[in-house]
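Structural description and commentary
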Amino acid sequence: MATAATETEEIPEIQTEEHKLPPHPSAPQQKFRKDYAPPPYTISAVHLDFKLGEDTTLVTSRLHLQPNYGSLPEGTSRPALQLDGRKDIVLVSVAVGGQQLGQDQYLLTEKALTIANLPEGEFELEVVTQLRPQDNSLLEGLYKSSGNFCTQCEAEGFRGITYFLDRPDVMATYTTRMEADEAAYPVLLGNGNLKESGKLEGGRHYAVWEDPYPKPCYLFALVAGKLAMKERAFTTRSGRQVALRIFVQEGNLGKVDHALDSLVRSMRWDEDTFGLEYDLDLFNIVAVDDFNMGAMENKSLNIFNSRLVLASPQTATDLDYSRIEGVVGHEYFHNWTGNRVTCRDWFQLTLKEGLTVFRDQEFTADMNSRPVKRIEDVMMLRSSQFTEDAGPMSHPIRPESYIKMDNFYTVTVYEKGAEVVRLYDTLLGKEGFRKGMDLYFQRHDGHAVTCDDFLAAMADANGVNLDTLGRWYSQSGTPHLHVSSSYDAPSRTYRLTCKQHTPPGPGQDSKLPVLIPIKLGLLGPDGGLGSDMPLRLQGADGSVTDLGSTGVLRFETTEATFTFLDVPSEPVPSLLRGFSAPVKMEVEGQSEAQLLFLLAHDSDPFNRWEAGQRLSRKLLLQLYAAATAGGGAHNAQAVADRCTAAGGVPDAVVEAFRAVLEDETLDGSFKAMAVCLPTGNELLDSLPGGDPPLLHQVRMFVVRQLAARLRPQLEALVKANDDEPGEPYHFTAAACARRAIKNRCLAMLSSLEEPEITAMLLRRVKEATNMTDEIAALGCLVELAGPERDTALAAFYDKYRSEPLVLLKWLGLQATSNAPGNVSLVKGLVEHPAFNITNPNNCYSLFLGFGRSPVNFHAADGSGYEFMGDAVLRVDSINHQVAARMVSCFTTWRQYDSERQAMMRAQLERIVAANGLSENVFEIASKSLK
Ligand code: B3K
Ligand code: ZN
């Protein structure tokens, strides 16, 4: 790590303002980070008893509480205990110290149970509640999925089970007893170890589970159902025997091997990388079909959305296999980063999520290809997180306020949070990062802590000051980095001048400079080879540091200049290698020739890809400008004519892509990503008043031009990477790379819309031997208008009508399609027997899929917006979290042309004004309008 030679300013302390919202008719309350106070009582032990029934379920909760209010001034009464609850649970009884309370001895509202006049010292509290899990369509708390009981408590679902101090800094040991009908629910699972089980009268049975590790209630879980199980044995490095079990519905037992293998790999990786071992004798995963998000890390009883567990070559794609590996790892890694060390309050969510995403990214990078994983993550960050951070929902990775915490499980908290963790890793190196992690666990194991505690552990373990890194936690927005350079031949000196600023965002008018580690290399002309020059950095005191061929500059002021000595000729700088900070970088004077040179020679694979992206981005923005100039029709032909008149795709760009495709040293996955154009979302960021369907036409023009001119290379790659007949499917980096480049080439070729290519795609759908190839070919056909599209879709549906996870893909492809006039087809799908609006995966595939179509969601007549507005309101009456994700499609409304702005805004206004709107949807819609 190196510091700037010329620091241009003092570092002041950060000031953050709260973001105030208008009142809602039913007055949702905002919570603020600054208001954190420890609870007046703590709970050390929780004993739960569930009598699970078809009509009602009875929950008896016995809590052991301690005062936490310290010594009270003379004459002050003891604080009341306010327990969180939810309006759909029925309070049956309350007893303190064995004495039943009368209704006049507590206060019950829709959201809380308040008890005053509590005894001095420790005491027992018993609360009995009655639930109807079968009616719980929110899928938070205790609910039923495919006839089985299951739970989801993070963030605030436990209050839907019983009245409780539902906050992560209340950590207790849990004993769970559950009883149910044995024939209907033969499997009874809880957290921790099974202590006892047996038969009861009337065909019922029971089990008692005990979790010795104190935990917050959001990690509580219970499952009761008819499930089949597959088991694997694992021995930890200190010799503990652990049984790993995956529970699924009977017919799916053949699809769990990949998840089990991924779990074994995750456990070994965490031991090898961080010295972290599993701490119980049992680790269970249960797959359920109805789940609001991907998966949940409940202590020793992870519950997963079935799409992230079940895989077979015939039903899952390479992407599914890769996600399963990543998410199984992610939830397992939470056992240390989240469960053993948890969050003090929900504002600290990134403490566990940013860190655990970073850990799962590293795991995937180690298991597969590091550069490929990095590029995939940056593509996602740019297309989703940068957009979120430039819009009305922009928030720091550690938010200052929220109405519904569930709205803050965002790409900012997760993905930008992971980028911030990566900053420590880049600055401190692997060894320094490990030292920081060790100190973090040494200090905080068994506690609920803050992001500041994590930063302090990293700084103290390495003896460095990380104050400017701390600002990434409090400031929203994507920092802009501007770099200019100058070379002085006589003194062989090269200077880089860096400037930074972060645009204002909601509640934050001015921002301070943040610590940006700039990882870089300098490429010498080197007879056209572009090798890295040795980096000799001059310090402020005149000293010189040798940084090798790749160095890291520590840039933490508004402006700084870094001086390199003994530079024999003017280099081409390769900046922000590996995307060493989540910023938008502009390199002054970076020419097309330099980008072509970097694309061909950079030793950093990320920056090779990045150079290609920068070339494509410039080109797309130029052609978009040409396509809009002078108004006129926006049909494909008119756009193509205007783009052609503006010069089309320059030869140099075509040749650069040709070189990439022909380079035999490059991995197929890398090639596939290198010829992928930047997403519409990324480009719209630079196109105020942008027209998404027009931008789509411009992108398609470029894809068609590339396909036409690179056709021999594309066809050769398809041929070279096709399977041999009878070749079995393997999920290996090499096999995935072959499928990735083959299917990318097919997608490019399909844009030519030639009958023989369409026929070839139809044949490929029929003859595919794995889902990756089948869905890739079908996806190409779905973009085309014509009879082949309908034939292929109908045949696919017939083939997979009994595979609900495959039907999600079928729904998703149709919903996302940019085939013109698709809105009416998607409306029809809502009524299709394959679609189930109460199932989150169905809504995500259909509605969120539709929201990703630049052509149909953004149809000029507003039909796409109206369809989505109706769907948000309909889904909100069933499931608030799912509806909140759907309404997020409207948050970018200010990016578009004035007609679209008005139509999107009108939908948001209609939604905010609707009766009975959930707080989840209200928060996102009202913040978007503000
Ligand atoms: N911790 C859960 C997410 C819970 C979301 C609550 N709305 C999954 C994960 O990040 O591992
Ligand atoms: Zn997580």
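These numbers come from a predicted model, not from an experiment. (Residues numbered from 1 in each chain as written. Chains lettered and ligands numbered in written order. Predicted model: local features only at pLDDT ≥ 70, side-chain atom pairs only at ≥ 80, totals over all residues. Heavy atoms only, no water.)

1. With respect to the packing of helix 3 (residues 349–367) against helix 5 (residues 411–444)
Our working rule: In this analysis an axis means a line fitted to C-alpha atoms, helices contributing only their contacting stretch, and an angle means the value between N-to-C directions, from 0 to 180 degrees. Under the DSSP-based scheme used, a helix requires at least four consecutive residues in state H or I and a strand at least two consecutive residues in state E, with every element numbered from the N terminus. Oblique is the label for every angle not falling under 35 degrees (roughly parallel), over 145 degrees (roughly antiparallel), or within 65 to 115 degrees (roughly perpendicular). Only heavy atoms matter for contacts: two residues are in contact if any of them lie within 4.5 Å across the pair. In this classification, Asp, Glu, Lys and Arg are treated as charged, Ala, Val, Leu, Ile, Met, Phe, Trp, Tyr, Cys and Pro as nonpolar, and every other residue, Gly included, as polar.
Running from N to C, helix 3 and helix 5 point in directions that differ by 75°, and their axes come no closer than 8 Å. On the basis of the axis angle, helix 3 is roughly perpendicular to helix 5. In contact with Leu349, Thr350, Leu351, Glu353, Gly354, Leu355, Val357, Phe358, Arg359, Gln361 and Glu362 of helix 3, helix 5 contributes Val413, Tyr414, Glu415, Gly417, Ala418, Val421, Arg422, Asp425, Lys430, Phe433, Met437 and Tyr440. Its residues placed into classes, the contact of helix 3 with helix 5 shows 12 nonpolar, four polar and seven charged.

2. Digging into the sheet that holds strand 22 (residues 295–296)
Using the following cut-off: Any two strands between which DSSP finds at least two bridges are classified as paired.
Pairing within the open sheet is mixed, and its five strands lie in the order 19-20-21-23-22. The open sheet has two edge strands, strand 19 (228–235) and strand 22, and neither has a second partner. For strand 21 (residues 282–288) and strand 23 (residues 301–305), the ladder comprises five bridges, and the chain directions are parallel. The residue bridging Val286 from the neighbouring strand is Ile303, located in strand 23. Sitting on the sheet, helix 2 (residues 318–333) is in contact with strand 21, strand 22 and strand 23, with an inclination near 150° to strand 23.

3. Focus on the site of ligand 1
Heads up, the rule is: Here a residue is near a molecule or strand as soon as one of its heavy atoms is found within 4 Å of it. Definition of a polar contact: a pair of N or O atoms within 3.5 Å, with one able to donate and the other able to accept a hydrogen when the atoms are protein atoms, and with sequence-neighbouring residues admitted only if both atoms are side-chain atoms. The method behind every accessible area is Shrake-Rupley, applied with a 1.4 Å probe, and residues are considered shielded solely by the protein chains displayed.
Lining the immediate surroundings of ligand 1 are 15 residues, of which Glu154, Ala295, Glu297, Glu331 and Tyr414 lie closest. Here Glu297 contributes a side-chain N or O atom positioned 2.8 Å from a nitrogen atom of ligand 1. Interatomic distance of 2.9 Å between a side-chain N/O atom of Glu353 and an oxygen atom of ligand 1. Across the complex, the protein chains shield 95% of the 340 Å² of accessible surface that ligand 1 would expose by itself.

4. Examining the coordination of the zinc ion (ligand 2)
Worth spelling out the cut-off: We call an atom a donor if it is N, O or S and sits within 2.8 Å of the metal, or 3.2 Å for Na, K and Ca. Water is not counted, so some sites may look partial.
Within the protein, the zinc ion (ligand 2) binds to His330 (NE2), His334 (NE2) and Glu353 (OE); these donor distances fall in the range 1.9 to 2.1 Å. When the donors of the zinc ion (ligand 2) are listed by position in the chain, the intervening gaps give H-x3-H-x18-E.

5. Structural notes on the environment of Ile246
Tracing the backbone through its elements, the reader meets Ile246 in strand 20 (residues 241–248). For the pair Ile246 and Phe283, spaced 37 residues apart in sequence, the C-alpha separation works out to 8.6 Å. Discounting chain neighbours no more than four positions away, the residues touching Ile246 are Ala228, Met229, Lys230, Val256, Ala259, Leu260, Ile285 and Val309.

6. What about the packing of aromatic side chains?
This is how the line gets drawn: Any two of the Phe, Tyr and Trp rings considered here, Trp counted by its six-membered ring, make a pair once their centres fall within 6.5 Å; the pair's planes then place it as stacked at under 30 degrees, edge-to-face at over 60, or tilted in between. Buried, partly exposed and exposed residues are distinguished by accessible area as a fraction of the type maximum, computed with a 1.4 Å probe on protein chains only: under 20%, between the cut-offs, and over 50%, respectively. Comment: the charge-over-ring label is applied if NZ (Lys) or CZ (Arg) is within 6 Å of the ring centre and within 35 degrees of the ring normal.
Within the structure shown, the criterion is met by 40 aromatic pairs. Relative to Tyr332, the ring of Tyr278 has its centre 6.0 Å away and its plane inclined at 45°; by these criteria the two rings are tilted. Placement of the pair is Tyr278 in the loop between helix 1 (257–274) and strand 21 and Tyr332 in helix 2, with a sequence separation of 54 residues. Pair check on accessibility: Tyr278 and Tyr332 agree, each one buried. The rings of Trp269, Phe274, Tyr278, Phe283, Tyr332, Phe333, Phe358, Phe363 and Phe433 are connected pair by pair, giving a single aromatic cluster. A cation sits over an aromatic face here: Lys299 above Tyr213, 4.3 Å from the ring centre.

7. Remarks on the domain arrangement of the protein chain
Quick note on the threshold: These domain limits were set by an automatic method or by a database of domain assignments. Buried area: the accessible area, evaluated with a 1.4 Å probe, that two parts lose upon being put together, summed over both parts. Definition used for salt bridges: Asp or Glu carboxyl oxygen within 4 Å of a side-chain nitrogen of Lys or Arg.
Assigned domains within the protein chain: domain 1 (1–36 + 354–590), domain 2 (44–63 + 75–333) and domain 3 (801–930). A straight line from the C-alpha centre of domain 1 to that of domain 2 covers 37 Å. Taken together, the contact between domain 1 and domain 2 spans 25 residues of the former and 22 residues of the latter. Of the roughly 2000 Å² buried at the junction of domain 1 and domain 2 (both faces included), carbon and sulfur atoms supply 58%. A per-residue breakdown of the area domain 1 buries against domain 2 is headed by Arg359, Phe363 and Arg434, which together make up 32% of the total. Seen at the junction of domain 1 and domain 2, the total is one salt bridge. Put simply, Asp270 and Arg359 hold a salt bridge, and the shortest N to O gap is 2.8 Å.

8. Details of unusual backbone geometry
Residue Ala155 follows Glu154 across a cis peptide bond; omega there is 0°. Tracing the backbone shows Ala155 in the loop between strand 13 (148–152) and strand 14 (172–181). The backbone phi angle of Asp566 is positive, close to 55°, even though this residue is not glycine. Considering the arrangement of structural elements, one finds Asp566 in the loop between strand 33 (559–564) and strand 34 (572–575). With a phi angle near 55°, Phe579 is a residue other than glycine that sits in the positive phi range. Along the chain, the position of Phe579 falls in the loop between strand 34 and strand 35 (584–587). When its relative accessible area of 1% is taken as the criterion, Phe579 is described as buried.

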